[in-house]
Structures are given as C-alpha cells and as structure tokens.
Amino acid sequence: MKKIYLHPLPVRIWHWINALGFIILIITGAQIRFAENMGIMSFETAVDVHSWLGFILLANYFIWLLYYLFTGKLFKIYIPPFWRPVEFIKNSIRQAKYYGYGIMVGDKNPHHPTPEHKFNPMQQISYLMIMVLLIPLQIITGLMLWDPQLFSSIISLIGGIQIATLIHTGLWIFFSAFIIVHFYLATLGHTPMAHIKAMFTGYEEEHEEH
Amino acid sequence: MKTLQKALDSGGSLSLYIDGNKFEKSVHGAMDCSSCHPDITLKNHPKPKKITDRKVYIKEFSKNCLNCHPQDSLMKPKVHGEVVKKGEVFCSECHGSHYITSMKDWKKKASFSEYCLTCHQSNITKTLPSKEKISLKVNESEIKKSVHAKFQCLVCHDDFSKVNHPIYNYKDKNQYRKEMTRICTKCHTDKELQKNPAHYALTKTTSCIECHGYHGVKPTKVAKTLPENQYCLNCHSRPISMKMKNGETLSVQVKETDILNSVHKKLKCTECHKEFSTTQHPVRSFESVANYRAKAKDVCNNCHQDAVKKYDISIHAEALKKGNQQSPDCLKCHDYHKVVLITKDKSASSELCVKCHNESGRAFKESVHQKAINDGKQNAPTCASCHNSHDVLAANIAQLGNSCVKCHKDVKTSHNKWLWNPPVKLTTFVDAHFNSASCAACHTTVNKAIYLTLFDRAKKKPLTESEVAKIFGVDPKEVKGKIDYNNDGKIQEQELWQFMSSVKAKAKANLSGRIDVINSNDAHKIEPKSKAIKDCAACHDPSASFAAKIEINREGGKAVKFDLERSAINSAYAIPNIKDFYVLGLTKIKILDILFFIALLGGVAVPVGHLTLRILTAPIRRKRREGK
C-alpha cells in the first residue's frame, strides 16, 4: 500500500470549511426561499447565518486562491491541457467510460492521482469551472443580494437584480445537486471511506499493484 | 284733555285726543264714534282698553274699515289691490284715522312727492319672480340730503302720476338695477359720462344705483382725492357683480376688512390690478368664471413667479386644465382678497386640502401626525409638509419618502439599529429598503400591494399613458385594452408578457417596483413608532399577502392602475420585465423551485442509479477477479 500526500493542510482546511459552509448555505438558502414551508429557523436567523457564512466562505475562497497562486499549483492541477485537446478529450472519454462502464466490470481507474496531477480530466474541467467561474459568480451575486444598494452598479451592469437572483438561485440549484453527487463520488475510492479519510489526513492510499 | 295719552305695553304712547271740529270736517264727520268703534259704547267702555302695540292696534282697528268699504271695491284699483292683498300696510297708515279727507280733495292738495310718500314711506316690499325682495320704502330725509333734494318723485319716475301707477315685473334684481340705470341716463347721458373714461367704463360693467344709491343719490366726485384703495372701494365695497359671456355672474365686491386682515394689507389695489387706476378702468370681458380664474393666476404671477411656476407643474394645474373645476388654483386656496398665509394655522391649512381630499383627511386624523398637531407641536406636519404647497405632484412621482426624511433626519441611523445585514452594518442596506418600499408600507397597518410602474430606462422616468398610447398608435383611453387584452379586469402573466413585448419593441422599458399601501388615502394613517412593522417576514415570506398592481403614469395626473395577478410576478415572465425589483422570498420565481427539486432528485438519482448498477454488476467483477 503506497501513500501519496495528495491534500496539503491549507487545502484540507479550506475544503472542510467550504464543505460545512456549503451545506449550511444550501440549507439556509432553502429556509429563506421556502420560509412558508420550512421551520428550521426564523427568516431573520436564516438570513443572518447565510450572510455570515457567505462572508466566511468568501474569505475561505481566498485561502484556496492564494494557496494555489503562491504554490503555482493552480495551473498544474486545475487547468486542463487545452493545448493538447485531442489527448484531453480522449482521456476524458476514457474516464467517463470508466465511471459508466469500467467501474462496473472491474476495470482499473485510468487516472492515478499525484500531488501535481491530482484530478482526472473530468474532475479537472468541472473543478476549474466551479472554482474559477461558478463560485466567484455565486459570491458576487450573493453580495448583490446581500446589499443591493451597495452593489447597485454591478447589478445594473449585469441587467438588474432579477438576473443576479436568477444566477444565484440557478447556482444554488446546481450546487445542491452537485454536492450529493460529490458525496457519492467521494465513496468511489478503493474503499468507500478511502477518499474521505484522505481529505482528513492528506494521504491517499493506493494499492501497490497500481 | 288734549294730552290724553295712553301708555302702551310695548313702550311709547298713543294719543287718544280727537279734535271734534276737525273730525266733523272729515269725510266721516257725520258718523257716530260707535260706527267705527263698535266695541265701545256709552254703556260699555272697557276700562282701560288694553292696547299692547300700536301696529297691532292699527291692524285690528283697520278691520273695521272693511265694514263699510268692502274688500271687493278696495281691490279694484290694481296697485291699491296689491297693497291691500299683501296686508303690509293698513288703511289708517295711508288714510289716517279720524281726519280723513275725501280722496278727490286729498289728491288735489297733495304735492307729487307727498302723494307718493303717503304709501312709500311705509315698509312695503315687492317680491320678484327670482324670489328676491325689493324694498319700496322711500326715506324722505335721505332724498332731502341727496343731490336730488329738490326733485319731485316724478322727475325720475316720469311714467308715474297721481292717476297712473304702472306695475313693473322685473325678473330679478339685476334687471331692476339695469332699468334704474336707464332712468339715470335720461339726464346723465352717455356723452356726459364719457368725459370721465374710468367712470364711463364702470357704467358698462355695473348699474348707477350700486354706487350712487337709489334715492339718497350721493355725488362721487370725491373719489380721485381719496387714497387709491378708498377710491376703488367706493364702488367695490358694494355688492356689485359682473356678468360673464356665458351668463355666469361673479361678485366683484371687495370687503375692506378682508384686505386689512390679509397679508396684502399694505398693498394698493393697482399693485395687483395693474391695468386699473383712478383714471383707467378698462372694460374686460371673460368667457366664463373658469376663464376669469385662469387669468387671475397672472395677477399672482406678478409677484409670486416661483409659486406660480411650481403650481403650473402640479397635479392641480393639470386637473384644472383637463376641466376639473373643483381643482384648486391660487384663488381657491388663498381667496381673492382675504389672501392668507396658509401655513400659519396648522389645522386650518390641512382643512383646506381636506375640503376636497376628505378620505385622506379622515385617515390623517387617525395618524400620529394629527396627534402631534393636537399636542401643539411646532414641527408637526400639515398636508403641504409632504405634498408641497404649490408643486403638488402625483404620489408615485413625488418621492414622498424624502418628505419624511426632511423631518425625521436620523431615519437612516435609527433604522440601521435593527435593519442591517451581518456581518457589516451598512446604511446602504437601509437604503435598499427605503428604495423599494414607501415609509407608509411599514408605518401603517393597512393592506399593501406590490406596485410595478412602467419605467422608461432611457429617459430615466416613468413612461406615461400618452407615450404608451403613442407606441400602440391608439387613444390614451384605449391603453387599458392594450394591457388587459382579455378584458377581465386583471392582468395575467401572458398579458403582461405580450404588453411588455410590444412596449419594449419601441421603447427601452421595464417595470420598476415598490411596496406601498393599496389605498393611497390610508398612507396618511401613520401609526406611532411602536406599531411600525419590524418583522422581516411580513414582506419576505413567500406567502405574505400582497396585492399586485401595474401603474402607468399620467402627465401631471394620478397614475392609472391595473390589478395584476400575483402569479405574474412569480413567473419566469417577470425576469426580463421586472428587472430591478426583487423582494427576497416574496417575488421568487416559482419555476426555479421546481427546478431545485428536480435537481435534488437528479442528484440523488445519479448515485442511486450508479450504485444499483455497481451492485448488479458485482458478480461480473467477482468473476473477473477470480479469473485472474
């Protein structure tokens, strides 16, 4: 059994703050939106918690960003090799085939994570989108809804508060579904708890034969 | 015996002395006393006979005349008949009681004036068909003091004589006055009057007797030497009026006390009425009272340009232009000559508005503001404090919230104490709320609505009804049909979409929103601070009960409002049309909720499906491992 140090401490701290915050944001978001049907907390409390966590995750986002910028890993880990598109697409298809078919028949995972090459092509493209586009978009639209007056200039730039709301709600829908799938995918290691454990310890265990 | 006086209960006395010689010479000289006094005989003399009042006694006594002079015969001469019928004058008042001469002799002897005054010194009146009453009493001493002192009645009333007494039937006092002018101008000819242009002009607007009086004709030469206001008031203090071309009349009487109590007390008449002077009195003619009032504004404009300029953009000016006669102009609020400083008395100034806006007035009476007025607080608001006194604008464009801030200066700080979003306490969050809800929305307990105003984003102001009409190429009255296509009195999602698409094809428009009270009158019912709504969920709960309305502004007028189905606000149709208005929870788009649940189901279905497939394919993997 080989151990690879895949998740450095700052990334793990960021991840778990993010994970907890995300879940609570999704729930408080639902409470704000379904105030008439959900009774977890009052509207005011839901808004308070949502706002606090929004700012915590905003700061947390910068932990992630600064860490990856300063270590120079952002490019290596998150940017797919667009300059080798055929290879990238081939690899993506191979990875998709694995999740859709190979994993059922006992094929080996075509991707072997290393600290420098942590994500498979599908993870790479989705996390790039999430971290560089969707999360910032959710943060910005969240700020617009947090204080529509303060951010009125950006609001008018994107075409009104309704558009900001539409984006924020649309991403809330996406993230809600995503986090469920994310949980499931996290159980697809060589044991159901392998990836999850690694996210705490930093070390991903890999079978010797790999 | 010559002093046989009887004291009357009503005061005064009545001489009971009869000169026998004189009586014997009268037409009744041969008659016994009891012929006329049947209740008093030698055997029976009530002692003392009770006479309470001279007039009552004369009335009672005159009945005895009818014993010999039957009423039928008295009614025959027309004028005499009228007098008898009306019973205002009794026999003895004209004919005397004991020394009655024969009518023939009396007529012959009497001077003309004496003849007329026999009757006309009594309180006789004439009722015209207009129900107006004219007194026919002539005060002889007044004539004696007048410039016509030496005139006999017949000089002026030349159609009357001792044998001729025509009866005139004037429609009303106005016609009567005019006829009297005709009498005056027989001597005072037009030519003579033209020597004084101001006076001549006056004769064309009013009748002689209004200034000069009837019988006590006064000379008016003094006028020019008088102070100017006195000169004008010489005529205008009298109940004179002018007639408009359409037949309406307008009083041009000016009460001196009104001017002296007004803020204009130091002004001369000509400072306002510039075209008039002691030498000039132009004859003016107006179509109607409304036309006159419209021009009266120009008089105010001489000094109060700012106020008039503001008034001209007001909803009141617009309403007046559109023919609402009730709408106020300068005169309606400030009066003609009383001109008062309206803000002096807070209650009185509000009463002025409440005369027309009684519903709002009633609501205001229940408000914390009225309480402040009642408590005598100096800074308590009146209507004008919020609505302005001259540039009174329609509520939806007046930015009434600013009026609240004018007095409640710390309003942002006070709201920021509780209305803030963690973790930072920014007043911009308060502003966000102020921008999307009227103050009354939280400070009253009445029903609220979401108002969506059709807004021109290019011009940065509301799109007006006439502009919308132009877009559709229809009359403003037909705009309703262009938004409420199915004519059911409510606007549905599809109608909203169709309408907005048509408008947006020609103008850069969208709907800007705010939360406000449904009935604008209720906005005046401001509650004490303790009752203000502080519960966020009152608006932010998706099930909060709010009506919805679309309003399209009218130039200078009240916006036209249409009921909107609430569901339209919560449908995807709202996204491109209500871009700038979103109330967390309240205006959420429902389709997104459905998408959320689909996404959740999808999110669960993927792992469940994948896991199921993995479980089902476990034997394949096992075989493969074993095969190794």
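Going by an unreviewed UniProt entry, chain A carries the name Hydrogen sulfide production: membrane anchoring protein and comes from Thermodesulfovibrio yellowstonii. The UniProt entry for chain A carries the following text under Subcellular location (unreviewed entry): "Cell inner membrane". Of chain A, the UniProt comment under Cofactor (unreviewed entry) reads exactly: "heme".

Draft legend 1. Local environment of the overall build of chain B. A count of helical and extended segments in chain B gives 38 helices and 12 strands. Over its C-alpha trace chain B gives a radius of gyration of 43 Å, far above what one expects of a compact globule, namely 25 Å for 628 residues. In chain B, once contacts between residues fewer than 6 apart in sequence are set aside, the share between residues at least 24 apart is 62%. Just so you have it, chain B exposes about 37,900 Å², and 56% of that area is on carbon and sulfur atoms. Of the side-chain charges in chain B, 103 are positive and 65 negative, and the distance between the mean point of each set is 3 Å.

Draft legend 2. Examining the overall build of chain A more closely. Along its length, chain A carries 8 helices and 2 strands. Once the C-alpha set of chain A is aligned to its principal axes, its extents read approximately 60 × 40 × 35 Å. Counting across all 210 residues of chain A, residues that qualify as buried make up 46%. A separation of at least 24 residues holds for 68% of the contacts in chain A among residues at least 6 apart in sequence. Roughly 10,500 Å² of accessible area belongs to chain A as shown, and the carbon and sulfur atoms make up 73% of that amount. Once the 13 positive and 12 negative side-chain charges of chain A are each reduced to a mean point, those two points are 11 Å apart.

Draft legend 3. Up close: the packing of helix α19 (residues 289–301) of chain B against helix α20 (residues 305–312) of chain B. All names here are of chain B. Packing of α19 against α20 brings their axes to within 8 Å, and their N-to-C directions diverge by 145 degrees. On α20, the residues touching K297, C300 and N301 of α19 are Q305, V308, Y311 and D312. Looking at the contact of α19 with α20 residue by residue, the classes come out as 3 nonpolar, 2 polar and 2 charged.

Draft legend 4. Looking closely at the environment of V479 of chain B. Note on placement: V479 of chain B falls in helix α32 (residues 479–483). What V479 of chain B contacts, discounting residues up to four positions off in sequence, is E465, V468, A469, V474 and I552 of chain B.

Draft legend 5. Molecular detail of the packing of aromatic side chains. Residue and element names in this part refer to chain A. Applying the stated criterion to the full structure yields 31 aromatic pairs over all chains. Pairing Y61 with W64 gives two aromatic rings, centres 5.5 Å apart and planes at 35 degrees, and the pair type is tilted. Remark: W64 and Y61 occur in helix α2 (residues 43–71); sequence separation between them is 3 residues, near one turn of the helix. Exposure class is identical for Y61 and W64. Each is buried.

Draft legend 6. Local environment of the environment of E467 of chain B. Residues and elements named next belong to chain B. Relative to the elements of secondary structure, E467 occurs in helix α31 (residues 465–472). Spatially, the C-alpha atom of E467 lies 67 Å from that of K137, the residues being 330 residues apart in sequence. Residue contacts for E467: discarding those within four places in its chain leaves K459 and P462.

Draft legend 7. Layout of a nonpolar patch on the surface. Residue and element names in this part refer to chain A. On the surface, a cluster of nonpolar side chains totalling about 650 Å² of accessible area is made up of Y5, L9, I13, I17, W52, I56 and Y203. When contributions to the nonpolar patch are tallied by element, the ones reaching two or more residues are α1 (9–33) and α2. It is α1 that contributes the most residues to the nonpolar patch, 3 residues altogether. Secondary-structure assignment places L9 in helix α1. Since its relative accessible area comes to 47%, L9 is described here as partly exposed.

Draft legend 8. Geometry of the interface of chain A and chain B. Taken together, the contact pairs 40 residues of chain A with 46 residues of chain B. Regarding the contact of chain A and chain B, the summed buried area is about 4,000 Å², with carbon and sulfur atoms giving 68% of it. Considering only the surface of chain A that becomes buried against chain B, M104, Q162 and Y184 of chain A emerge as the three largest contributors, covering 19% of it. Our count for the contact surface shared by chain A and chain B stands at 2 salt bridges. A salt bridge links D107 of chain A to R624 of chain B; the shortest N-O distance between them is 2.5 Å. At the boundary of chain A and chain B, one finds 22 residue pairs in polar contact (both at pLDDT 80 or more).

Draft legend 9. Examining the confidence of the model for chain B more closely. With 96% of its residues at a pLDDT of 70 or more, chain B has an overall mean of 86. Interface confidence for the predicted complex, given as ipTM, is 0.95, next to a pTM of 0.72.

Draft legend 10. Broad picture of the state of the cysteines. Residue and element names in this part refer to chain B. With the rule as written, the count across this model stands at 0 disulfides over all chains. As a non-bridged cysteine, C33 has C36 as the owner of its nearest cysteine sulfur, 8.5 Å distant. A disulfide-free cysteine, C232 has its sulfur positioned 3.9 Å from the sulfur of C269, the nearest such atom.

Draft legend 11. Spotlight on a positive patch on the surface. Judged by side-chain charge, K417, K425, K529 and K534 of chain B come together as a positively charged surface patch. Looking at the element boundaries, K425 of chain B is found in the loop between α28 (411–416) and α29 (427–436).

Draft legend 12. Quick peek at the packing of helix α7 (residues 161–186) of chain A against helix α37 (residues 590–616) of chain B. Remark: α7 of chain A packs on α37 of chain B, axes separated minimally by 9 Å, with the N-to-C direction vectors making an angle of 15 degrees. Taken together, α7 of chain A and α37 of chain B sit at an angle that is classed as roughly parallel. The hand of the α7 of chain A/α37 of chain B crossing is right-handed. The residues of α37 of chain B that touch α7 of chain A, namely those facing L166, T169, W172, I173, S176, A177, I180, V181 and Y184 of chain A, are L592, L595, F596, A599, L600, G603, V604, V606, P607, H610, L611 and R614 of chain B. Of the residues in the contact of α7 of chain A with α37 of chain B, the class split is 16 nonpolar, 4 polar and 1 charged.

Draft legend 13. Broad picture of the UniProt feature "transmembrane region" (unreviewed entry) in chain A. All names here are of chain A. The UniProt record marks residues 12–32, 52–70, 125–146 and 166–187 with the feature "transmembrane region" (unreviewed entry), using the residue numbering of this structure. For residues 52–70, helix accounts for 100% and strand for 0%, while the C-alpha atoms at its two ends are 27 Å apart. Taken as a whole, residues 166–187 contains 95% helix and 0% strand, while its terminal C-alpha atoms sit 32 Å from one another.

Draft legend 14. Structural view of α29 of chain B. Inspection of α29 of chain B places T428, F429, V430, D431 and A432 of chain B among the buried residues, and these make up the whole buried set. Residues of α29 of chain B that are buried in the fold lie against α5 (121–146) of chain A together with α28 of chain B.

Draft legend 15. Region of the structure containing the nonpolar core. Membership of the largest hydrophobic core comes to 81 residues, with the highest contact counts inside it found for Y78 of chain A together with L452, L454 and F499 of chain B. The greatest single-element share of this core, amounting to 11 residues, is contributed by α5 of chain A. Of all hydrophobic cores here, the second largest spans 11 residues; its members include C235, M242, V252 and F286 of chain B.

Draft legend 16. Expanded view of helix α12 (residues 173–187) of chain B. Residues and elements named next belong to chain B. In this model α12 runs 22 Å from its N-terminal to its C-terminal C-alpha over 15 residues, within 8% of the 21 Å that 1.5 Å per residue would give. Among the residues of α12, those classed as buried are Y176, R177, M180, T181 and I183. Take α12 and look down its axis: the buried residues cluster within an arc of 155 degrees, on one side only. Looking at the buried side of α12, the elements it contacts are β4 (133–135), α11 (153–156) and α15 (208–212).

Criteria and cut-off values
- Residues numbered from 1 in each chain as written.
- Chains lettered and ligands numbered in written order.
- Predicted model: local features only at pLDDT ≥ 70, side-chain atom pairs only at ≥ 80, totals over all residues.
- Heavy atoms only, no water.
- UniProt positions renumbered as here; feature names shortened; annotations may be inferred.
- Helix = DSSP H or I, 4+ residues; strand = E, 2+ residues; numbered from the N terminus.
- Rg over C-alpha atoms; globule rule 2.2 N^0.38 Å.
- Contact = heavy atoms within 4.5 Å.
- Areas by Shrake-Rupley, 256 points an atom, 1.4 Å probe, with all protein chains shown as cover.
- Lys, Arg positive; Asp, Glu negative; His and termini not counted.
- Charge placed at Lys NZ, Arg CZ, Asp CG, Glu CD.
- Buried < 20%, exposed > 50% of the residue type's maximum accessible area, 1.4 Å probe, protein only.
- Axes fitted to C-alpha atoms, helices over the stretch in contact; angles between N-to-C directions.
- Nonpolar A, V, L, I, M, F, W, Y, C, P; charged D, E, K, R; others polar.
- Phe/Tyr/Trp six-rings, centres within 6.5 Å; stacked < 30°, edge-to-face > 60°.
- Patch = residues over 30% accessible without salt bridge, like charges linked within 9 Å, V, L, I, M, F, W, Y side chains within 5 Å.
- Salt bridge = Lys/Arg side-chain N within 4 Å of Asp/Glu carboxyl O.
- Buried area = accessible area lost by both parts, 1.4 Å probe.
- Polar contact = N/O pair within 3.5 Å; in protein donor to acceptor, adjacent residues only side chain to side chain.
- pLDDT = per-residue confidence, 0-100.
- Disulfide = S-S within 2.5 Å.
- Parallel < 35°, antiparallel > 145°, perpendicular 65-115°, else oblique.
- Left-handed = near helix turned anticlockwise from the far one by under 90°.
- Core = buried A, V, L, I, M, F, W, Y, C linked by side-chain atoms within 4.5 Å.
- Expected span 1.5 Å × (residues − 1).
- Arc of directions from axis to C-beta.

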